[in-house]
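For reference, the chains in residue letters:
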Amino acid sequence: MSELRITRENARFQQWEALLTNRSKRHRNREFLVQGVRPVTRAIAEGWTVRQLLRAEGSSSEWAEQTWTGTDAERVVLSPELHARLSGKDGSELVAVVEMPEDGVVRLAGSARPHGPVVVFDRPTSPGNIGTLARSADAFGASALVVTGHAADPYDPQCVRASTGSLFALTVLRVPGPGPVVEHAHAHGYRIVGTDEEGTPLDGVDLSGRLVLVVGNETHGLSSGWRAACDDVASIAMVGSASSLNAAVAGSLVLHEALRQRG
């Protein structure tokens, strides 16, 4: 496949650069940027569609050469100055432009891990927290990550970096509210368990079967809609002076307990 070379800023470069910060353009074009060895590698390995691979002129590592020649993506060589504007603070050798999947809840039934928990993050404000929770969800065998309500973007570069590529092992959805996920859960025999400091102690909550785990907003916790939908709400015991846990950390602890209960 031939290589496209771009040495001066043009419309195509501006479109890619906008993906770094402009959420509406990411979702309008249904594409986002992936930076770093592990995230790019995982995106390809997990079968996500890579539209373009971007790299700078000059020498590159063995990994970059193998990835560059081993995919069907359009290959674009940029001037070092232009590439530096897309490659992130760590200067990723390759930057991938990856196609964003559809959001329909029907995709939950087609997950590669059909028996793993579905993790819901309700109205998160931090892309980094979404990425951290995605990393834990992958590590503890979850099948999906669903972001609900007015929330940070799971395809923000900060989220993708924080997930260290685990985002690509999950079925990722965005839905406006609880309704579609609750309907799916009821139709397929899932229990819905939320997290809150006022809930049932975690070791007394059944997490062994089909599970939807709902993690609330970092400041305000579960929305009233999600709280009403929960079959149980789990709390995590604390003995120190902290008043609460980071939302992604709390979700990670519950996911670990779910994995333990599933044996």
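Residues numbered from 1 in each chain as written. Predicted model: local features only at pLDDT ≥ 70, side-chain atom pairs only at ≥ 80, totals over all residues. Heavy atoms only, no water.

In the nomenclature of an unreviewed UniProt entry, the chain is known as TrmH family RNA methyltransferase of Nocardioides zeicaulis.

In space, the six strands of this open sheet follow the order E8-E7-E6-E10-E9-E11, with parallel pairing throughout. Each edge of the sheet is formed by a strand with only one pairing partner; in this case those strands are strand E8 (171-175) and strand E11 (232-235). Averaged over all pairs of adjacent strands, the angle between strand axes in this sheet comes to 30°, irrespective of strand direction. Against the sheet, helix H6 (residues 127-139) touches strand E6 (118-122), strand E7 (144-148) and strand E10 (211-215), its axis set at about 165° to E6. Against the sheet, helix H10 (residues 247-262) contacts E6, strand E9 (191-201) and E10, and its axis sits at roughly 160° relative to E10. (Pairing = 2+ DSSP bridges. Helix = DSSP H or I, 4+ residues; strand = E, 2+ residues; numbered from the N terminus. Axes fitted to C-alpha atoms, helices over the stretch in contact; angles between N-to-C directions. Contact = heavy atoms within 4.5 Å.)

With that settled, the discussion passes to a nonpolar patch on the surface. Taken together, the side chains of Met-238, Leu-245, Val-249 and Leu-253 define a hydrophobic patch exposed on the protein surface, amounting to about 290 Å² of accessible area. Here Val-249 is to be found in helix H10. Val-249 sits in the partly exposed class, given a relative accessible area of 38%. (Patch = residues over 30% accessible without salt bridge, like charges linked within 9 Å, V, L, I, M, F, W, Y side chains within 5 Å. Areas by Shrake-Rupley, 256 points an atom, 1.4 Å probe, with all protein chains shown as cover. Salt bridge = Lys/Arg side-chain N within 4 Å of Asp/Glu carboxyl O. Buried < 20%, exposed > 50% of the residue type's maximum accessible area, 1.4 Å probe, protein only.)

Here the focus is the layout of surface pockets. The calculated volume of the largest pocket comes to roughly 430 Å³. Where the lining of the largest pocket is concerned, the elements lending two or more residues are E9, E11 and H10. Among the elements that make up the lining of the largest pocket, the one with the highest residue count is E9 (three residues). Residues belonging to the lining of the largest pocket are distributed by class as follows: seven nonpolar, nine polar and three charged. Quantified by volume, the second largest pocket comes out at close to 300 Å³. (1 Å grid on protein atoms, 1.4 Å probe; cavity = no way out; pocket = protein on both sides within 12 Å on 5 of 7 lines; lining within 4 Å. Points joined across faces, edges and corners; volume = space filled by probe spheres on them. Nonpolar A, V, L, I, M, F, W, Y, C, P; charged D, E, K, R; others polar.)

A word on the side chain of Gln-35. On the secondary structure map, Gln-35 appears in strand E2 (residues 31-35). The exposure class of Gln-35 is buried, given its relative accessible area of 8%. Looking at Gln-35, its side chain comes within polar contact range of the main-chain oxygen of Leu-86, at 2.8 Å. Among the polar contacts made by the side chain of Gln-35, one reaches the side chain of Arg-161 at a distance of 2.9 Å. Excluding residues that lie within four positions of it along the chain, Gln-35 makes contacts with Leu-20, Val-40, Leu-86, Ser-87, Gly-88, Ser-92, Leu-94, Val-95, Pro-157 and Arg-161. (Polar contact = N/O pair within 3.5 Å; in protein donor to acceptor, adjacent residues only side chain to side chain.)

For helix H3 (residues 37-45), the full list of buried residues reads Pro-39, Val-40, Arg-42 and Ala-43. All buried residues of H3 lie within an arc of 165° about the axis, which places them on one face of the element. Buried residues along H3 sit in contact with E2, strand E3 (50-56), helix H4 (62-69), strand E5 (94-99), H6 and helix H7 (157-162). (Arc of directions from axis to C-beta.)

Let us look at the sheet that holds strand E4 (residues 74-78). Reading across from one edge, E1-E4-E3-E5-E2 is the order of the five strands in this open sheet, with mixed pairing throughout. Pairing within the sheet leaves two strands with one partner each, and these edge strands are strand E1 (3-6) and E2. Between one strand axis and the next, the sheet turns through 25° on average, direction left out of account. As judged from the five bridges shared by E3 and E4, these two strands associate in the parallel manner.

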